[in-house]
Amino acid sequence: EYARTVPERAHVVICDEEIKPVGTRQIVDQAIAALSGEAPAPNLLGLQKDNYGWLDWSDWQQAHPDALDWRVTETYDSYVYVLEAAAAGVGLAMGWRGFVDAYLDRADLVALPGPWLSKGTRLIARLTRHGEQNATAKKCLTLLNALGPPAVKRSERSSMRASPP
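What you see is a predicted model, and the numbers here were worked out from it, not measured in a lab.

1. Here's the deal with the environment of P113
1) Next: Turning to its location among the elements, P113 is positioned in the loop between β7 (110-111) and β8 (122-126).
2) Next: On the basis of relative accessible area, P113 is assigned to the exposed category, the value being 58%.
3) Next: Expressed as a C-alpha distance, the spacing of P113 and K20, which sit 93 residues apart in the sequence, is 8.7 Å.

Structure below.
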């Protein structure tokens, strides 16, 4: 579930949605120069599919009007492919915190300086009514709670109300 508020049912907050552009050092330097009018805009990389409410380039551009004329020039059918293309120097990708962290930790990608953009939304795994009666679904939720992304602090992750399977 993608929401600002957590559900009443057993759930795990997978991540708070926060975004910022990421790329190779060279592409990020180009983006910094482009924001001040000293270089052409970098190629933007995006997804072919609808983002289903997730923040995207248009949200980031609204918060950064100097980049309103930047356009997505290449699209991919998987977020992993977007990140791999960015790491190969093809262009600037939108980094979602919690999903891009490993690339940043390995220095395969660097983030554009500045704060992460957030609108207070979260990705939440929750049990359905049927899932509350299903031991396997409860195990999956417990596993997500234990293995969740390191970007989300443990104290913020869990609101597990389901009893252990």
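There's more to say after this.
2. Brief notes about the pattern of salt bridges
1) Next: Inspection of every chain in the model, using the stated rule, returns five salt bridges.
2) Next: In this structure, the salt-bridge partner of R122 is D16, at a minimum N-O distance of 2.7 Å. Taken together, the residues R122 in strand β8 and D16 in strand β2 (residues 11-16) connect sequence positions 106 residues apart.
3) Next: Across the pair R106 and D108 runs a salt bridge, and its minimum N-O distance is 2.7 Å.

3. Here's the deal with the pairing of β2
1) Next: Counting buried positions along β2 gives five out of six residues, so the element sits mostly inside the fold.
2) Next: Relative to β8, β2 runs antiparallel, the two sharing five bridges. By the bridge assignment for β8, D16 is matched with R122.

4. Observations regarding unusual backbone geometry
1) Next: Within the chain, A107 stands out as a residue other than glycine whose phi angle is a positive 65 degrees.
2) Next: You can see A107 is positioned in the loop between α4 (101-105) and β7.

5. Re the confidence of the model for the protein chain
1) Next: Here the protein chain shows a mean pLDDT of 85. Residues at 70 or above account for 88%.
2) Next: Here helix α6 (residues 154-157) stands out as the element of the protein chain with the lowest mean pLDDT, 35, in contrast to β7, whose mean of 98 is the highest.
3) Next: Predicted confidence is poor over residues 150-165, with pLDDT under 50, and the contacts of this stretch with residues over four places away or in other chains come to 40 contacts.

6. Things to note about helix α3 (residues 79-87)
1) Next: Turning to α3, its buried residues number three or more, namely Y79, V82, L83, A85 and A86. The arc that holds the buried residues of α3, viewed along the axis, is 160 degrees, so those residues lie on one side.
2) Next: Looking at the buried residues of α3, the elements they touch are β3 (19-23), β4 (44-47), β5 (72-76), β6 (93-96) and α4.
3) Next: Two or three places before V80, at the start of α3, stands the capping residue S78, its side-chain oxygen 3.3 Å from that residue's backbone nitrogen.
4) Next: A positive backbone phi angle near 90 degrees is found at G89, which sits one or two residues after α3.

What counts and what doesn't
Residues numbered from 1 in each chain as written. Predicted model: local features only at pLDDT ≥ 70, side-chain atom pairs only at ≥ 80, totals over all residues. Heavy atoms only, no water. Helix = DSSP H or I, 4+ residues; strand = E, 2+ residues; numbered from the N terminus. Buried < 20%, exposed > 50% of the residue type's maximum accessible area, 1.4 Å probe, protein only. Salt bridge = Lys/Arg side-chain N within 4 Å of Asp/Glu carboxyl O. Pairing = 2+ DSSP bridges. pLDDT = per-residue confidence, 0-100. Contact = heavy atoms within 4.5 Å. Arc of directions from axis to C-beta. Polar contact = N/O pair within 3.5 Å; in protein donor to acceptor, adjacent residues only side chain to side chain.

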